[in-house]
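# Structural characterization, general
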Amino acid sequence: MGIGIAGIFTGAAAITSPPRAALVIPIAVPGGLGLDPLLLSPTPLGGVFCIVVGAVGAVAALYGIGYAHGPAASRTGWSAFALFLLGMIMVTAAGDVVSFLLGWETMAVASSVLVLADHAERPAVRPAAAWYAVMTHLSFLALATGFALLASKAHSTTFARIADAGITGPTGIAAFLLLLVGFATKAGLVPLHVWLPRAHPEAPSHVSAVMSAAMVKMGVYGIILLTSSWLPTVSRPFAVLVLGLGVVSGSYGILQASITSDLKRLLAYSTTENVGLAVTAVGVGMLLSNAGQPEVASIAFVAALLLVVSHAAFKTVLFLGAGTILKATGERDLDRLGGLARTHPVTAWTFGLAAMGASALPITSGFVAEWTLLQAVVHGDGRANTMLALALPVTLGLLALTIGLGLLTFVKAFGMAFLARPRSDAAASPSPEFTSRPGTAAMGVAQVLGALSVWGLGLAAGPVATAFSSVLGYSGIVTSEMGGLRLVTIGVLDPVALGILALGLALPVGLLVLVLRRRVPRRATDLAWGCGGVRTSPRMEYTATSYAEPLVRVFGEALRPSRSLEVSQLGDDRVLESRVAFAQELTDIVEDRWYAPAARWLRIVGDQARRIQNGSIHRYLGFSFAALVLVLVVVTLP
Amino acid sequence: MIAVFLVILQVLVATAITPLLVGVMRQVRARMEGRVGAGLLQPYRDVRKLLAKEPLRAEGSSIVLIAAPLVLLVSSLMVVALVPLVTTAYIPSIPSDLFVVVSLLLIGTVALALLGLDSGTAFGGMGSSRHMMIAALVEPTVLMSVYALSIPVGSSTLSRIVLARGADVTRVVTPAGLLAVVALVVVVLAETGRLPVDNPSTHLELTMIHEGMILESAGRDLAWLELGSWLRLTALLGLVVNLALPWGLADTAQPLALLIAVAALGAKLLVAGGLIAAAEVFMAKVRLFRVPELLAGSFVLAFLAVTASYLAG
C-alpha cells in the first residue's frame, strides 16, 4: 500500500513539473558505445502529456487503494504500477531516442505485468496478456528499427539533431512508416487495435484506467512528434494516411463499442474511437497546413490536444466506475446489470457526467474538444484544392457518424447499468458502495475528482485551449469573456454563458414546478405499463444486446454477426416447439480477416523453421561456419 | 442588452405560438381525413389539463422520470433561444452556432432515451433503442447540411447564414443551398418524429418510437415532454423556413420591425406546418429498417451540397 502512495507522489511530482518543463533540464548520463548521453529534456508538448499521465496516475492510484485486491495489491503489483507511471513520464520527458525507448519499454513491461495480475483467478486473462505482450513488442520492434534508421542518418540519437537533420528520401519514408506503425499500435488505431479490447477488460480497473487514459496517449504523442518535429517533410504526403487511420479508427471503434455488451470492452473500443478522433485532428491539421491554411490547421492541432486531455479525464472516470460496478456485482456484462443508481449514487453521478463527456454533450470537456475539431474541419477552404474538397466532407460525415453512435453507446452503457430494474440477482443485491473500510472512501473521492475535472475542463474551455495553443506555438485561439473559447475569425464558444442561459431558462420552469408540486403531489404506483399484461418480470426488459440490435442490422454488412437459432421440437411433433435457443456472437472483423490468416501463416513458417533445428551438433557447427563466412563476405564488400 | 431583450421575446413568442402550430397541423390532418378535429386550440387545453393532473411514479423508476422531462424542456427552450426565429440578433458570448444548437438538441434526445430506459419496460427500451439509432444516423446529415450552408458564408453561426441569404437572393436558389435545405427537411422530419419516420398519433406500442419512451409519464411530466417536443418542432421548422425564406426577421428592437417579424414567423411556420400535415395524409410510415435508406439518401444530398459549393462555387 505504501508504494501506492508512492505512485500518487510520482503523479503529483509530474503535475508540478510542467512549470519547469518550459526550461530544458538535461540530465546527462554518460553513455558508452559512442551513443549520445541520455537526455531528459521535457518540452512544453511533452509537459501536456506529462500532466495527463500524472493526473490520471494519481487518481487511479487513489482509487486503487480501495479497489486493488489480490496480486494487484501486492508489493509487486504496486511497484509495477509505479514503474508503469515512471516509464510513461520518462517517455514524455525524453529528449533522445535511447531514453525514449527505455521509458517505452519500462511502460510496456510494467503494464504487461499489471494486465497479468488476475491470471490465477481468471484464465481468460492469459490470452489477453499474451496478445498485449505480442502487440506491444511488435510496436517496440517497429519503433526501434525506425529510430535506428533515423539515428544512422542523423549521426545522433538526440531528437533535436534528428529534427535538424531534415531527413528525406527512402530512408526517411521507411523510418516514417515504421514509426507510424509502432505508435499506431500503442495508440490502438485500427487495424492495430486488437490488443485493446482484450487487455483493457482483463486488467484490474485502476490499471485499465491508466492504460486507456494515459498509455495509449503516448502513441498520439509519438505521432504528433513524428509529423511535426522529426520528419515533417517526409510526412507531408502521408497526411491522408494519418487522417484515414484516424477516421477509420474513430468510426470502427465506436461501431464495435455500440454493439458490445461487455462494459469494459465497450470502454476499450471507445478508447480506439477517441484516439482515432485525436489522430483525425492531427491528420486534418497536416492536410490543412499542406494546403497553406496554417490558421485553421493550428486549430486542428489544438483540437487534438483538447481531445487527448478530455478523453483522459472522462475515460479515467468511466473505467473507475466500471471497476466499482465490477466490485459490487461481479458483473461487467451490461445484459445482467441494471438499477445500480439506487444503491450506488456516487458512481452513477460520476459515470453519468463522464458519459456525457464521452458523448460530447455540453458543458463537458468532450464537447469543447469536438466542437473545436468540427470548426477546424468546416473552416478548411476546399475551393482551390480538390483533395481538401473531398477529404473534408468525408471526414465530417464519418466524424458525425462517430459522434452519433457515441451518443447511443453511452446512453446504452449508462441506462443499462444504472437505470431500470436489475437484470440478475447479482445486480439486485450488490455489495454497498461504501463500507467501513477507508479504502472505499478513497474510491469515491477518486471518482468525484475525475468527474469534476471533466466538468472543469468543459467550463474553462478558453484558458485550457489558450494554454495548448501557446504550447504548440500558435496564436489563433484566445480566451473570451467568462472562460469561453474564441477561435479568431471563426467563432466563440462560451460554456459558462451557455450554462447561465440554461439556468435562466430553467428558472421560470422550476418556479412553475414548485407551484404545481404544492398543488398536485406525485403519486407512486406499483405497475409500469405492460400493455395491460400482468407484472412484467425483469427478464422482459430490454437488454444491451437488444438495444444494439437495430444497429447490428443496419451495419450487418460491416459487422457480420454470426447467429445460430436452435429449435428443439416437442417429441416427434413438427408444430410444437419445446425450446428455442438463440445465440449471437459478434467478433471483430479485422481480427478474423487479417490476424487469423497471419497467425496461421506464422505457424506454417514456424513449422518449416523447426526443421532447421534437428538437434544435430554437426549441423549447428555448420551453421556457425556459414554465418562466419557470410559476415566475412559482408565485411570485405566495399 | 437589446440582444438579450430580443432573445427573451423570441422565446416567449415561440412558446406561445407552438401549441397553435401543433393545433393547425392536427386540424389540417383531421379535415383532410374527413374528421371534424379537436379544434385549433386543443393543444393549449391539453397542456393546461396535463399540468393540473396528478403525475404518477411507477415502481422501479428513478429520478430520471422527474428530471428528463425538465431537461428536454429546458434544452428545447435553449434551442429556441439560439435559433434565429424572430430576430437575427444574438448575445455576443452565445452566438447561435449550429454545432452548439445540434448538441443542445442531442441533450434532449439523450434525456428522452434515458427516460425510456428508466421504467424498465420492454416498450420503453424499444422506443429508446430505435430513437437513438435514428438520432445516430441523422447526425451525419445534420452536420453535413450545416457544413454546406456554412461554406458560402464562412461561418457556422446561424444568424449570419440567415442574414447572408437574406441579403442576396441568388444565394437561396443556388443548387448547393437548395440541396442542403432539402436534406434539412428530412432531418427535421426524423428529429421531430413525423411521418414517414415515426407516426406521432400511433396507439400501437410495437410501432412506437417517441410515444414508447413517454408511456410511463403522466401529469406535468407529460406536459413538459409534450411542450419540449413541440418546441423542438417549432425551432427546427422555423429554422428551415427562415433558411428557405430569409426575410422579415428583426435585428433591432423597433416595435414595427418586431411586429412584422412575429407575423412573418407565424405565417411561415403555420403554412409550413400545414403543408407537412397535408403531406402526411398521403404518406405511410416506412419500416424501421428502411429509415436508414431514407437518411442515407438525405446524407447524399447534403454531401452533394458540400462538394457543389466547393467545386461549383
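Definitions and limits used
- Residues numbered from 1 in each chain as written.
- Chains lettered and ligands numbered in written order.
- Predicted model: local features only at pLDDT ≥ 70, side-chain atom pairs only at ≥ 80, totals over all residues.
- Heavy atoms only, no water.
- Helix = DSSP H or I, 4+ residues; strand = E, 2+ residues; numbered from the N terminus.
- Rg over C-alpha atoms; globule rule 2.2 N^0.38 Å.
- Buried < 20%, exposed > 50% of the residue type's maximum accessible area, 1.4 Å probe, protein only.
- Contact = heavy atoms within 4.5 Å.
- Areas by Shrake-Rupley, 256 points an atom, 1.4 Å probe, with all protein chains shown as cover.
- Lys, Arg positive; Asp, Glu negative; His and termini not counted.
- Charge placed at Lys NZ, Arg CZ, Asp CG, Glu CD.
- Buried area = accessible area lost by both parts, 1.4 Å probe.
- Salt bridge = Lys/Arg side-chain N within 4 Å of Asp/Glu carboxyl O.
- Polar contact = N/O pair within 3.5 Å; in protein donor to acceptor, adjacent residues only side chain to side chain.
- Nonpolar A, V, L, I, M, F, W, Y, C, P; charged D, E, K, R; others polar.
- Pairing = 2+ DSSP bridges.
- Axes fitted to C-alpha atoms, helices over the stretch in contact; angles between N-to-C directions.
- Patch = residues over 30% accessible without salt bridge, like charges linked within 9 Å, V, L, I, M, F, W, Y side chains within 5 Å.
- Phe/Tyr/Trp six-rings, centres within 6.5 Å; stacked < 30°, edge-to-face > 60°.
- Lys NZ or Arg CZ within 6 Å of the ring centre and 35° of its normal.
- Core = buried A, V, L, I, M, F, W, Y, C linked by side-chain atoms within 4.5 Å.

Helix and strand counts for chain B stand at 12 helices and one strand. Counting helices and strands in the order they occur from the N terminus, chain B gives α-α-β-α-α-α-α-α-α-α-α-α-α. Computed over C-alpha atoms, the radius of gyration of chain B comes to 19 Å, within 12% of the 20 Å expected from 2.2 N^0.38 for 313 residues, which places it in the range of a compact globule. Counting only C-alpha atoms and orienting by the principal axes, one finds that chain B spans roughly 55 × 45 × 45 Å. Here chain B, with 313 residues, has 65% of them falling under the buried criterion. The contacts of chain B with a sequence gap of at least 6 include a subset with a gap of at least 24, amounting to 79%. Total accessible area on chain B is roughly 10800 Å²; 71% of this is exposed by carbon and sulfur atoms. Charged side chains of chain B number 20 positive and 18 negative; the gap between the two group centres comes to 6 Å.

A word on the overall build of chain A. The helix and strand inventory of chain A stands at 25 helices and six strands. Taking 2.2 N^0.38 as the reference for a compact globule, 638 residues should give roughly 26 Å; the C-alpha atoms of chain A span a radius of gyration of 26 Å, in line with that estimate. Taking the principal axes of the C-alpha coordinates as reference, chain A spans close to 95 × 75 × 55 Å. Out of the 638 residues in chain A, the part that is buried amounts to 55%. Considering only intrachain contacts with a sequence separation of at least 6, the fraction spanning at least 24 residues in chain A is 76%. Carbon together with sulfur atoms contributes 68% to the accessible area of chain A, which is approximately 25900 Å² in total. Each charge sign in chain A was given a centre, from 41 positive and 32 negative side chains, and these centres are 3 Å apart.

Looking now at the interface of chain A and chain B. The interface is formed by 75 residues belonging to chain A together with 77 residues belonging to chain B. Here chain A meets chain B over a buried area of about 6600 Å², counting both sides, of which 72% is carbon and sulfur. Its largest share of buried area at the contact with chain B, chain A owes to Arg 522, Trp 529 and Tyr 542 of chain A, together 11% of the area lost on that side. Taken together, chain A and chain B are joined by two salt bridges. Note that Arg 522 of chain A is salt-bridged to Asp 221 of chain B, the shortest N-O span being 2.9 Å. Our count for the chain A to chain B interface comes out at 14 residue pairs in polar contact (both at pLDDT 80 or more). For the side of chain A that touches chain B, the elements supplying multiple residues, two or more each, are helix H16 (365–379), helix H17 (386–418), strand E3 (491–493), helix H21 (495–519), strand E4 (523–525) and helix H22 (544–554) of chain A. It is H17 of chain A that provides the largest number of residues to the side of chain A that touches chain B, a total of 18 residues. Residue classes in the side of chain A that touches chain B are distributed as 51 nonpolar, 10 polar and 14 charged. In this sheet, strand E1 (residues 56–58) of chain B lies alongside E4 of chain A in parallel orientation, the contact comprising three bridges.

Right, let's get into the packing of helix H2 (residues 42–52) of chain B against helix H10 (residues 219–244) of chain B. Residue and element names in this part refer to chain B. One way to put it is that H2 packs onto H10 with a least axis distance of 7 Å and a crossing angle of 150°. On H10, the residues that touch Pro 43, Val 47, Leu 50 and Leu 51 of H2 are Gly 219, Arg 220, Leu 222, Ala 223, Trp 224, Glu 226, Leu 227 and Trp 230. Its residues assigned to classes, the contact of H2 with H10 comprises nine nonpolar, one polar and two charged.

With that out of the way, let us pick up unusual backbone geometry. Residue Pro 362 of chain A is joined to Ile 363 of chain A through a cis peptide bond whose omega torsion reads -10°. That bond from Leu 195 of chain B to Pro 196 of chain B is cis: its omega, 0°, falls within 30 degrees of zero. Tracing the chain through its elements places Pro 196 of chain B in the loop between helix H8 (175–191) and helix H9 (210–213). Positive phi, normally seen in glycine, also occurs at Ala 420 of chain A, with a value near 60°.

Pairing is possible between side chains that carry opposite charge, provided their charged atoms lie close to one another. This structure, assessed with the given rule, holds 18 salt bridges over all chains. Arg 26 of chain B is paired through a salt bridge with Asp 46 of chain B; the nearest N and O atoms lie 3.5 Å apart. One end of the pair, Arg 26 of chain B, is in helix H1 (residues 2–32); the other, Asp 46 of chain B, is in helix H2, with 20 residues separating them in the sequence. Look at Arg 26 of chain B and you get partly exposed, because its relative accessible area is 41%. One network of salt bridges, in which partners are shared, links Asp 118, Arg 122, Glu 202, Asp 262 and Arg 332 of chain A.

Before going further, it helps to spend a moment on a nonpolar patch on the surface. Residues and elements named next belong to chain A. A surface patch of nonpolar side chains, about 390 Å² in accessible area, is lined by Leu 565, Val 567, Val 580 and Phe 582. Of all the elements in the fold, those that place two or more residues in the nonpolar patch are strand E5 (562–569) and strand E6 (577–585). Among the secondary structure elements, Val 580 is positioned in strand E6.

All right, on to the packing of aromatic side chains then. Residue and element names in this part refer to chain A. Scanning the entire structure with this criterion turns up 21 aromatic pairs over all chains. Their ring planes at 75° and their centres at 5.6 Å tell us that Trp 104 and Phe 183 sit as a pair that is edge-to-face. With a gap of 79 residues between them, Trp 104 in helix H4 (residues 97–115) and Phe 183 in helix H7 (residues 169–187) connect regions that are remote in the sequence. Take Trp 104 and Phe 183: they sit in the same class, and that class is buried. Here Phe 414 and Phe 418 contribute two aromatic rings whose centre-to-centre distance is 5.3 Å and whose plane-to-plane angle is 35°, an arrangement assigned as tilted. Of the two residues, Phe 414 and Phe 418 both sit in helix H17, four residues apart, roughly one turn of that helix. For the pair shown, Phe 414 and Phe 418 are each scored as buried. Grouped by ring-pair contacts, the aromatic residues Phe 100, Trp 104, Phe 147, Phe 159, Phe 183 and Trp 230 constitute a single cluster. Sitting over the ring of Trp 195, Lys 186 keeps its end group 5.9 Å from the ring centre.

On to the nonpolar core, then. Membership of the largest hydrophobic core comes to 298 residues, with the highest contact counts inside it found for Met 88, Phe 147, Met 211 and Trp 230 of chain A together with Ile 134 of chain B. For this core, the element with the most residues is helix H13 (residues 294–329) of chain A, which contributes 22 residues. The residues contacting Met 211 of chain A, other than those within four sequence positions of it, are Phe 84, Val 115, Tyr 132, Trp 195, Ala 199, His 200, Ala 203 and Val 216 of chain A.

This brings us to the side chain of Asp 97 of chain B. Along the polypeptide, Asp 97 of chain B turns up in the loop between helix H3 (64–82) and helix H4 (98–118). Of the side chains bearing the opposite charge, Arg 160 of chain B lies closest to the buried Asp 97 of chain B, which forms no salt bridge; the N-O distance is 8.8 Å. A distance of 2.9 Å separates a polar atom in the side chain of Asp 97 of chain B from a polar atom in the side chain of Gln 375 of chain A. Not counting chain neighbours up to four residues away, the residues in contact with Asp 97 of chain B comprise Trp 371 and Gln 375 of chain A together with Ser 156 and Thr 157 of chain B.

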